[in-house]
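The chain contents come next:
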Amino acid sequence: MKRSAILATVLAMVSSAAFAQSNYPNRPITMLVPFAAGGATDTVARVTAATMSKLLGQTIIIENATGAGGTIAAARAARAEPDGYTILIHHIGISTAATLYRKLPYDTKTAFAPIGLVTNAPMTIIARPNLPPNSLAELITYIKANGDKMTFGNAGLGAASQLCGLMFMNAIDKQILSVPYKGNGPVMNDLIAGQIDLTCDQTTNTTGPIAAKLVKSYAITTKTRLSSMPDLPTADEAGLKGFEAGAWHGIYAPKGTPDDVVQKLAKTLQESLRDPELIKRFNDINTDPVPQDQATPQALKKQLDSEVDRWAPIIKASGQFAD
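Colleague: Which residues make up the packing of aromatic side chains, and what are the values?
Modeller: Counted according to the given criterion, the structure contains five aromatic pairs. Centre to centre, the rings of Tyr24 and Tyr85 are 5.1 Å apart; their planes meet at 70°, and the pair counts as edge-to-face. Highlighted residues: Tyr24 in the loop between α1 (3-22) and β1 (29-33) and Tyr85 in the loop between α3 (71-79) and β3 (86-90), separated in sequence by 61 residues. As far as burial versus exposure is concerned, Tyr24 and Tyr85 are alike and both buried. Between Phe168 and Phe243, the aromatic rings sit 6.3 Å apart at their centres with planes inclined by 90°, giving edge-to-face as the arrangement. With Phe168 in helix α6 (residues 160-172) and Phe243 in the loop between β8 (216-220) and β9 (246-254), this pair connects stretches of sequence that are 75 residues apart. The rings of Tyr106, Phe112 and Tyr252 are connected pair by pair, giving a single aromatic cluster. Between Arg27 and the ring centre of Tyr85, over which it is positioned, the NZ or CZ distance is 3.7 Å. Positioned above the aromatic ring of Phe321 is the side chain of Arg102, whose terminal nitrogen or guanidinium carbon lies 4.1 Å from the ring centre.

Right under this line is the structure:
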């Protein structure tokens with residue numbers, strides 16, 4: 001082939017790629033969700049995807065790629081074609097998996113092109129309805145005396161409830177027997193029935209049982225109280241100084257995704273988080289969209305890296321690994 005023909009071919013390929021990017025998206029996008037349909041992350045994903053779809057003019061298809069504490073979906077996203085047509089939504093578990101799983105097929109800090117944070121759902125420390133303590137301070141004293149006979153339910157390794165439990169036990173310097181379940185529903189059922197003593201889970205899962213007084217609530221793990229539960233103190237107010245935990249969610253594309261595609265997704269996310277219907281849907285599950293300056297690639301990258309570093313010593317000290 002003549003040099004001029006080769007040059008023409010290369011230019012055509014570059015032009016075609018540039019057009020494809022500028023025309024993005026021209027077909028449906030798949031959003032991988034690491035957890036089962038009906039859970040908190042799935043709900044956040046579906047509400048966010050619906051709003052982004054309207055703005056992009058293309059459908060965002062939700063695919064629940066479950067298993068292995070969310071690492072199956074993350075691994076699929078990491079090795080997907082970096083063209084913007086496969087994206088991942090994940091919660092805090094993406095950062096803790098870097099330590100929980102010692103042989104991941106991807107490097108958490110470098111395998112993704114962050115798009116932006118979405119929301120940060122508060123957590124609540126709750127117990128079976130007939131547990132004797134009536135305040136967080138009383139609960140901590142009770143655990144110090146009876147912790148060896150108590151159980152702390154969670155939705156499995158890597159779940160937000162398991163991570164909050166680890167952090168809580170680390171903060172009070174007392175271990176409680178962890179009981180892993182396959183999802184939040186069975187945890188709540190057994191807590192209400194008095195089969196387990198405690199859990200710490202997202203308000204997206206606990207608001208209803210708390211309001212119905214089916215469980216005993218002790219604290220919320222944010223800096224400020226929730227307007228929907230004004231009588232529930234923060235952990236800091238209730239005596240556990242500095243204790244703060246949340247199930248933050250972010251959206252990622254595979255590493256190598258063109259910057260203009262990442263920026264378009266980020267801008268669409270930012271606009272979506274201002275949508276009144278999305279805000280209402282989030283408020284219905286007791287969470288809020290993050291501020292606009294957090295729905296950016298830079299903010300999510302900073303959050304991811306800092307959370308990987310924050311959780312590593314806590315998980316290592318617990319000796320609880322998933323492999």
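Colleague: Tell me about the nonpolar core, and name the residues and values.
Modeller: Counting 85 residues, the largest nonpolar core has Leu136 and Phe168 as its most contacted members. With nine residues, strand β4 (residues 112-127) is the largest single contributor of residues to this core. Excluding residues that lie within four positions of it along the chain, Leu136 makes contacts with Ile125, Phe168, Tyr218, Ala219, Ala235, Ala238 and Leu240. One finds Tyr181, Leu191, Val215 and Met229 within the second-largest nonpolar core, a separate group that totals 12 residues.

Colleague: So, the side chain of Asp197: which residues are in play, and what are the values?
Modeller: Mapped onto the elements, Asp197 comes out in the loop between α7 (184-192) and β7 (198-202). At 2.6 Å, the side chain of Asp197 and the side chain of Arg128 are in polar contact. A distance of 2.9 Å separates a polar side-chain atom of Asp197 from the backbone nitrogen of Thr151.

Colleague: Lay out the environment of Ile29 in plain terms, naming residues and giving numbers.
Modeller: As for its position among the elements, Ile29 is in strand β1. Residue classification places Ile29 among the buried positions, given a relative accessible area of 0%. Sequence separation between Ile29 and Leu117 is 88 residues, and the spatial gap between their C-alpha atoms is 19 Å. Not counting residues within four places of it along the chain, the set of residues in contact with Ile29 comprises Tyr24, Leu56, Thr59, Ile60, Ile61, Gly84, Tyr85 and Ile87.

Colleague: I'd like a rundown of the state of the cysteines, residues and numbers included.
Modeller: What the rule picks out here adds up to one disulfide. There is a disulfide in this structure between Cys164 and Cys200, and the S-S distance comes to 1.9 Å. Judged by the sign of its S-S torsion, about 50°, the cystine formed by Cys164 and Cys200 is right-handed. Here the residue Cys164 occupies a position in helix α6, and Cys200 occupies one in strand β7, the gap between them amounting to 36 residues. Judged by its relative accessible area of 2%, Cys164 is buried.

Colleague: Describe the pairing of β7, naming the residues involved and giving the relevant values.
Modeller: Across the five residues of β7, five count as buried, placing the element largely inside the fold. Relative to β7, β4 runs antiparallel, the two being bridged by five bridges. Across the sheet, the residue bridging to Ile125 is Cys200, located in β7.

Colleague: Which residues make up unusual backbone geometry, and what are the values?
Modeller: For the bond running from Tyr24 to Pro25, omega is -5°, close enough to zero to count as cis. Summarising the element assignment, Pro25 is placed in the loop between α1 and β1. In this model, Ala68 sits at a positive phi of 55°, which is unusual for a non-glycine residue. Structurally, Ala68 is set in the loop between β2 (60-64) and α3. Look at Ala68 and you get partly exposed, because its relative accessible area is 36%. Phi is positive for Asn286, which is not a glycine, with a value near 60°. Residue placement: Asn286 occurs in the loop between α10 (276-284) and α11 (297-318). Residue classification places Asn286 among the buried positions, given a relative accessible area of 10%.

Thresholds, definitions, all that
- All residue numbers refer to position in the chain's written sequence, counted from 1.
- Local features in this predicted model are restricted to residues whose pLDDT is 70 or higher, and side-chain atom pairs enter the listing and the counts only when it is 80 or higher, whereas totals over whole chains, interfaces and linings include all residues.
- Side-chain calculation: all heavy atoms of the structure are included, whereas hydrogens and water are not.
- Pairing of aromatic side chains requires ring centres within 6.5 Å, counting the rings of Phe and Tyr and the six-membered ring of Trp. Pairs whose planes differ by under 30 degrees are stacked, by over 60 edge-to-face, and all others tilted.
- Runs of H or I in DSSP of at least four residues are treated as helices and runs of E of at least two as strands, each being numbered from the N terminus.
- Accessibility here uses a 1.4 Å probe with only protein chains present; expressed as a share of the type maximum, an area under 20% marks a residue as buried, one over 50% as exposed, and anything in between as partly exposed.
- We count a charge as sitting over a ring when the NZ of a lysine or the CZ of an arginine lies within 6 Å of the ring centre and within 35 degrees of the ring normal.
- Nine residue types can take part in a nonpolar core, namely buried Ala, Val, Leu, Ile, Met, Phe, Trp, Tyr and Cys, and a core is a set of them joined through side-chain atoms within 4.5 Å.
- Any pair of residues with heavy atoms lying within 4.5 Å of one another is described as a contacting pair.
- Identification of polar contacts relies on pairs of N or O atoms within 3.5 Å, with a donor-acceptor requirement for protein atoms, meaning one able to donate a hydrogen and the other able to accept it, and with residues adjacent in sequence counted only if both atoms are side-chain atoms.
- For this text, the term disulfide refers to a pair of cysteine sulfurs within 2.5 Å.
- DSSP bridges decide pairing: two strands pair if at least two such bridges lie between them.

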